[in-house]
Amino acid sequence: MSSTSLKLLSLLVSTLAIVHITTASDPDILVDYMAPNNATGEFFTSTSFRAALRQPPPPTFTVTKASMKEFPALLGQSVSYAALQFPPNSINPPHTHPRSAELLLLVQGTLHVGFVDTTNKLFTSTLETGDMFIFPKGLVHFQHNAANNHTAMALSAFGSANAGTVSIPTTLFNSTIDDKVLALAFKTDVATIQTLKKGFAPK
Ligand code: GLV
Ligand code: MN
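All values reported here derive from a predicted model rather than from experimental measurement. Starting from 1, residues in each chain are numbered consecutively following that chain's sequence as written. Here the convention is simple: chains get letters from A, ligands get numbers from 1, in the order in which they are written. Given that this is a predicted model, residues contribute local features only at a pLDDT of at least 70 and side-chain atom pairs are listed and counted only at 80 or more, while totals for whole chains, interfaces and linings are drawn from all residues. With hydrogens and water stripped out, all remaining heavy atoms of the structure feed into the side-chain values.

A. The arrangement of the packing of aromatic side chains in detail. Think of it this way: a Phe, Tyr or Trp ring, Trp meaning its six-membered ring, pairs with another when their centres are within 6.5 Å, and the plane angle makes it stacked under 30 degrees, edge-to-face over 60, tilted otherwise. Tallied over the full model, the rule gives eight aromatic pairs. Aromatic side chains Tyr33 and Phe44 sit 5.2 Å apart centroid to centroid with 80 degrees between the ring planes, which places their arrangement in the edge-to-face category. Within this pair, whereas Tyr33 is found in the loop between helix H1 (3–23) and helix H2 (50–54), its partner Phe44 is found in the loop between H1 and H2, the two being separated by 11 residues in sequence. Using a 1.4 Å probe on the protein chains alone, a residue whose accessible area is under 20% of its type maximum counts as buried, one over 50% counts as exposed, and one in between counts as partly exposed. Look at Phe44 and you get partly exposed, because its relative accessible area is 39%. What links up through ring pairs into an aromatic cluster is the set Phe115, Phe123, Phe133 and Phe135. The helix count covers DSSP runs of H or I at least four residues long, the strand count covers runs of E at least two residues long, and both are numbered beginning at the N terminus.

This is the structure in structure tokens:
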């Protein structure tokens, strides 16, 4: 094969690989659903948001998930939900979802939201009840209820039955990454890193 054909072939292979990566989602199943043989309508029903939607709001930021772990009928369906409850002055700390974008619908209150793209550009918005915001797949994002006296509640939809969550503060400061590595990464000293890690110690 000539070197020009080889170059063309490798260009084609890498283009196909990129297309595959950018279109990757949950694997398609070759059956209608994944359920036990004796499944009834109950198997396809989740009641896990009843408390979030009916009871008084919790005192700290709370996520209630309906992903394939909590709701096994979602396996193979490439969708899931989370209910997010924000007391006054609370945050959902910066985090990412490695396997899906997140479409947030604010059903109560106001909410300051934002994400940072791969060029480090920050996009923010202040949502009112009824507004939606899309957090693109894999990007670091946060939500903040800045109101002093109002709770906020949102429902988030995901294009994966198991979007996954990587919390940035927890991953960095509640893991066993060496203090020296973190001190170098954050251009600070080990004592400062240890102070940050103490915030995650069991109370
Ligand atoms: C919201 O951002 C969530 O992680 O569920
Ligand atoms: Mn999220």
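B. Fine view of the environment of His95. Secondary-structure assignment places His95 in strand E3 (residues 90–96). Among the residues examined, His95 registers a relative accessible area of 4% and is labelled buried. Residue contacts are counted whenever heavy atoms from the two residues lie within 4.5 Å of one another. In this structure, His95 is in contact with Glu102, Leu139, Val140, His141, Gln143, Thr165, Val166, Ser167 and Ile168, ignoring residues within four places of it in sequence. Here the side chain of His95 touches Pro93 through a polar contact of 2.8 Å, landing on its backbone oxygen. At 2.8 Å, the side chain of His95 forms a polar contact with the side chain of His141. Counted as a polar contact is a pair of N or O atoms within 3.5 Å, where, for protein atoms, one must be capable of donating a hydrogen and the other of accepting one, and residues adjacent in sequence contribute only when both atoms are in side chains.

C. A look at the layout of surface pockets. Cavities and pockets are defined on a 1 Å grid built over the protein atoms alone: a cavity is a set of grid points where a 1.4 Å probe fits but cannot escape, while a pocket is an open set with protein on both sides within 12 Å along at least five of seven lines, and lining residues are those with an atom within 4 Å of any such point. Grid points are joined across faces, edges and corners, and a volume is the space filled by probe spheres set on the points. Empty space within the largest pocket amounts to approximately 250 Å³. Mapped by element, the contributors of at least two residues to the lining of the largest pocket are strand E1 (62–66), strand E2 (80–86) and E3. Residue contributions to the lining of the largest pocket peak at four residues, all from E2. Here the term charged refers only to Asp, Glu, Lys and Arg, the term nonpolar to Ala, Val, Leu, Ile, Met, Phe, Trp, Tyr, Cys and Pro, and the term polar to all other amino acids, Gly among them. Among the residues making up the lining of the largest pocket, the classes are represented as eight nonpolar, eight polar and two charged.

D. A look at a nonpolar patch on the surface. A cluster of nonpolar side chains, contributed by Leu103, Leu105, Val107, Met132 and Ile134, occupies part of the molecular surface with about 410 Å² of accessible area. Listed by contribution, the elements that provide at least two residues to the nonpolar patch are strand E4 (102–108) and strand E7 (132–135). Looking at which element gives the most residues to the nonpolar patch, the answer is E4, with three residues. Locating Ile134 in the fold gives a position in strand E7. A patch is a set of surface residues, each over 30% in relative accessible area and not in a salt bridge, joined within 9 Å for like charges and within 5 Å for the nonpolar side chains Val, Leu, Ile, Met, Phe, Trp and Tyr. Residue burial considers only the protein chains on display, and all accessible areas are found by Shrake-Rupley using a 1.4 Å probe. Put simply, a salt bridge is a Lys or Arg side-chain nitrogen that is within 4 Å of an Asp or Glu carboxyl oxygen.

E. Seen up close, the nonpolar core. Leu84, Leu104, Leu106 and Leu111 are the most contacted members of the largest nonpolar core, which totals 17 residues. Those elements that place two or more of their residues in this core are E2, E4, strand E5 (110–116), E7 and strand E9 (152–158). Excluding residues that lie within four positions of it along the chain, Leu104 makes contacts with Leu84, Leu111, Leu127, Asp131, Met132, Phe133, Phe135, Gln143, Ala154, Leu155 and Ser156. To qualify as a nonpolar core, a set must consist of buried Ala, Val, Leu, Ile, Met, Phe, Trp, Tyr and Cys residues joined through side-chain atoms within 4.5 Å. Counting six residues, the second largest nonpolar core, distinct from the first, contains Phe49, Ala52, Ala66 and Leu155.

F. Representation of the site of ligand 1. Surveying the vicinity of ligand 1 reveals the residues Val63, Ala82, Leu84, Asn92, His95, His97, Glu102, His141, Gln143 and Phe158. Asn92 places a side-chain nitrogen or oxygen 3.3 Å from an oxygen atom of ligand 1. One nitrogen or oxygen atom from the side chain of Gln143 is found 2.9 Å from an oxygen atom belonging to ligand 1. Contact with the protein chains removes 97% of the 190 Å² of surface that ligand 1 exposes when unbound. The cavity that encloses ligand 1 is the largest pocket. Elements with a minimum of two residues in the shell around ligand 1: E2, E3 and strand E8 (140–145). Here a residue is near a molecule or strand as soon as one of its heavy atoms is found within 4 Å of it. A molecule is counted as occupying a cavity or pocket when more than half of its atoms fall within 2 Å of that pocket's grid points.

G. Seen up close, the sheet that holds E8. Spatially, E6-E5-E8-E3-E10 is the arrangement adopted by the five strands of the open sheet, whose pairing is antiparallel. Of all the strands in the sheet, the pair left with one neighbour each is strand E6 (122–128) and strand E10 (166–167). Should DSSP find at least two bridges between two strands, the strands are taken to pair. Sheet topology note: the E5/E8 ladder contains five bridges and is antiparallel. Paired with His112 across the strands is His144, a residue of E8.

H. Focus on the sheet that holds E4. Taking strand neighbours across the sheet as the criterion, the five strands line up as E1-E2-E9-E4-E7 in an open arrangement whose pairing is antiparallel. Each end of this open sheet is capped by a strand with a single partner; those strands are E1 and E7. Ignoring strand direction, the axes of neighbouring strands in this sheet form an average angle of 20 degrees. Bridge count for E4 against E7 is four bridges, and the pairing is antiparallel. Bridged to Glu102 within E7 is Phe135. Helix axes use the C-alpha atoms of the stretch in contact, all axes being lines fitted to C-alpha atoms, and the angles between their N-to-C directions lie in the range 0 to 180 degrees.

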